Amino acid sequence: MEKVIGEQIEDGIDIITDGEVRRENYVFHICRHLQGFNMDDPILKTYRNGALTARLPRITGKIDSKTDVNWAAEEWKSAQDMSRVPVKYTIPGPMTVIGSTHNEYYADVKELSSDLVKVINKQIIGLFKAGCRQIQLDEPVMVRNPDIAMDYGIDHASRCFEGVGLGVTKTVHLCCGYPLYLDQEGYEKADRKIYFQLAEKLDNSCFDAISLEDAHQHNDLSLLQLFKKSTIVFGAIKIADSRIETTEEIRDRLLEALRHISADRLIIAPDCGLGLLPNHVLRQKVRNMVSAAKSLP
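The present account deals with the structure reproduced in this document. (Residues numbered from 1 in each chain as written. Predicted model: local features only at pLDDT ≥ 70, side-chain atom pairs only at ≥ 80, totals over all residues. Heavy atoms only, no water.)

Thoughts on the sheet that holds strand S1 (residues 34-47)
For step 1, the next point in the chain: The strand order across the open sheet built from three strands is S1-S2-S4, with neighbouring strands paired in mixed fashion. The open sheet terminates on both sides in strands that have one partner only, identified here as S1 and strand S4 (102-103).
For step 2, the next point in the chain: In this sheet, strand S2 (residues 52-65) lies alongside S1 in antiparallel orientation, the contact comprising nine bridges. Paired with Leu-44 across the strands is Arg-55, a residue of S2.
For step 3, the next point in the chain: Here helix H5 (residues 109-130) sits on the sheet and contacts S1, S2 and S4; the angle it forms with S2, its principal contact strand, is near 75°. (Pairing = 2+ DSSP bridges. Helix = DSSP H or I, 4+ residues; strand = E, 2+ residues; numbered from the N terminus. Contact = heavy atoms within 4.5 Å. Axes fitted to C-alpha atoms, helices over the stretch in contact; angles between N-to-C directions.)

As structure tokens, then:
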């Protein structure tokens, strides 16, 4: 983890992560800390609107914390102690946990979501009390199930941050799909139009920043004009394409984005996690992204 943190700082990233190197899976990690999940006898299931098939944990009891330990805060602090720049902590949201597991216990999925809100909120409050000032809720399933997102998903995501005081940047991340392997072509993505459906409600929620992907599939950038208050974390490099984007092409896309949103509300980032990329490719992509951002007027 120290190597991952050091490389991000060396490459010019202002707000880093711990690389999620302690997690075998970005969703299963939280499930292991909660009561109600059967991790030992997973079930084979097709999910993400048919994009993936995998063995998923089963929900066989009421969701609750296993202990009073704030494991998220402990993980964040161990990373922040290694870094001279802020470390963002990421945690999956209720819709994404539900969409990545198999429910056999709850008759009402909204009740399941509410129970997940409680345990996630406990960890986020712990992060705030420990001093973490960059907290991101990962909710890619929102763009897979926009009707649920509009009904209660965005509200439940917002409730995960209840009790968090001033000075914390509250981010929600909505990518459109992650491939199975590097350079996979034609993998199933959510419809880009769904960003338009969710924009107004997201903008009027508790979030300070909305993280959207743009590199793998470009958006109609008029989308950015729908966000009147929120900062946009703008996906500027592909996360599963071994071709390294040049500084110039990244910069050109950012200049297009700036026609629709002010620079003080635009943050540059990769589309999503970079776990599929070879290290030398990953680092050059990031360096070019940083150079492009710094070259803007």
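Structural notes on the packing of helix H3 (residues 71-80) against H5
For step 1, the next point in the chain: At a closest axis distance of 7 Å, the pairing of H3 and H5 adopts a crossing angle of 40°. As far as their axial angle goes, H5 and H3 are oblique. As for how H3 packs across H5, the hand of that crossing is right-handed. Contacts between H3 and H5 involve Trp-71, Ala-72, Ala-73 and Trp-76 from the former and Gln-123, Gly-126, Leu-127 and Ala-130 from the latter.
For step 2, the next point in the chain: Class assignment of the residues belonging to the contact of H3 with H5 gives a composition of six nonpolar, two polar and no charged. (Parallel < 35°, antiparallel > 145°, perpendicular 65-115°, else oblique. Left-handed = near helix turned anticlockwise from the far one by under 90°. Nonpolar A, V, L, I, M, F, W, Y, C, P; charged D, E, K, R; others polar.)

Observations regarding the layout of surface pockets
Think of a ball as big as a water molecule: rolled over the atoms, this probe shows where empty space is left.
For step 1, the next point in the chain: Of the voids in this model, the second largest pocket is the one considered here, and its volume is about 250 Å³.
For step 2, the next point in the chain: What lines the second largest pocket is a set of 14 residues, and nearest its centre among them are Met-95, Ile-98, Gly-99, Val-141 and Asn-145.
For step 3, the next point in the chain: Here the lining of the second largest pocket is built from residues that sort into seven nonpolar, four polar and three charged. (1 Å grid on protein atoms, 1.4 Å probe; cavity = no way out; pocket = protein on both sides within 12 Å on 5 of 7 lines; lining within 4 Å. Points joined across faces, edges and corners; volume = space filled by probe spheres on them.)

What about the pattern of salt bridges?
For step 1, the next point in the chain: The final tally for this structure, using the stated rule, is 22 salt bridges.
For step 2, the next point in the chain: Between Glu-256 and Arg-253 there is a salt bridge, with its nearest N and O atoms 3.2 Å apart. Of this pair, Glu-256 and Arg-253 both sit in helix H8 (residues 247-257), three residues apart, roughly one helical turn.
For step 3, the next point in the chain: Overall, the relative accessible area of 31% leaves Glu-256 in the partly exposed class.
For step 4, the next point in the chain: Judged by relative accessible area, Arg-253 falls into the buried class, the value being 12%.
For step 5, the next point in the chain: Put simply, Lys-3, Glu-7, Glu-10, Asp-11, Arg-283 and Arg-287 are held in one network by salt bridges that share partners. (Salt bridge = Lys/Arg side-chain N within 4 Å of Asp/Glu carboxyl O. Buried < 20%, exposed > 50% of the residue type's maximum accessible area, 1.4 Å probe, protein only.)

Thoughts on the side chain of Gln-80
For step 1, the next point in the chain: Inspection of the secondary structure assignment puts Gln-80 in helix H3.
For step 2, the next point in the chain: Gln-80 has contacts with Val-85, Pro-86 and Val-87, leaving out every residue within four places of it along the chain.

Some thoughts on helix H7 (residues 193-203)
Turn by turn, an α-helix covers 3.6 residues, leaving residues three or four places apart pointing in a common direction.
For step 1, the next point in the chain: Every buried residue of H7 is accounted for by Ile-194, Tyr-195, Leu-198, Ala-199, Leu-202 and Asp-203. For H7, the buried positions fall inside an angular range of 145° around the axis, keeping them on one side. Opposite the buried face of H7, by more than 90 degrees, sit the exposed residues Lys-193 and Glu-200.
For step 2, the next point in the chain: In this structure, the buried residues of H7 make contact with helix H6 (146-159), strand S6 (169-174) and strand S7 (209-212). (Arc of directions from axis to C-beta.)

Re the environment of Ile-125
For step 1, the next point in the chain: Along the chain, the position of Ile-125 falls in helix H5.
For step 2, the next point in the chain: Take Ile-125: its relative accessible area is 17%, and that puts it in the buried class.
For step 3, the next point in the chain: Note: C-alpha distance between Ile-125 and Ala-73 (52 residues apart in sequence) is 8.9 Å.
For step 4, the next point in the chain: Ignoring anything within four residues of it in the chain, the contact list for Ile-125 reads Glu-162, Gly-163 and Val-164.

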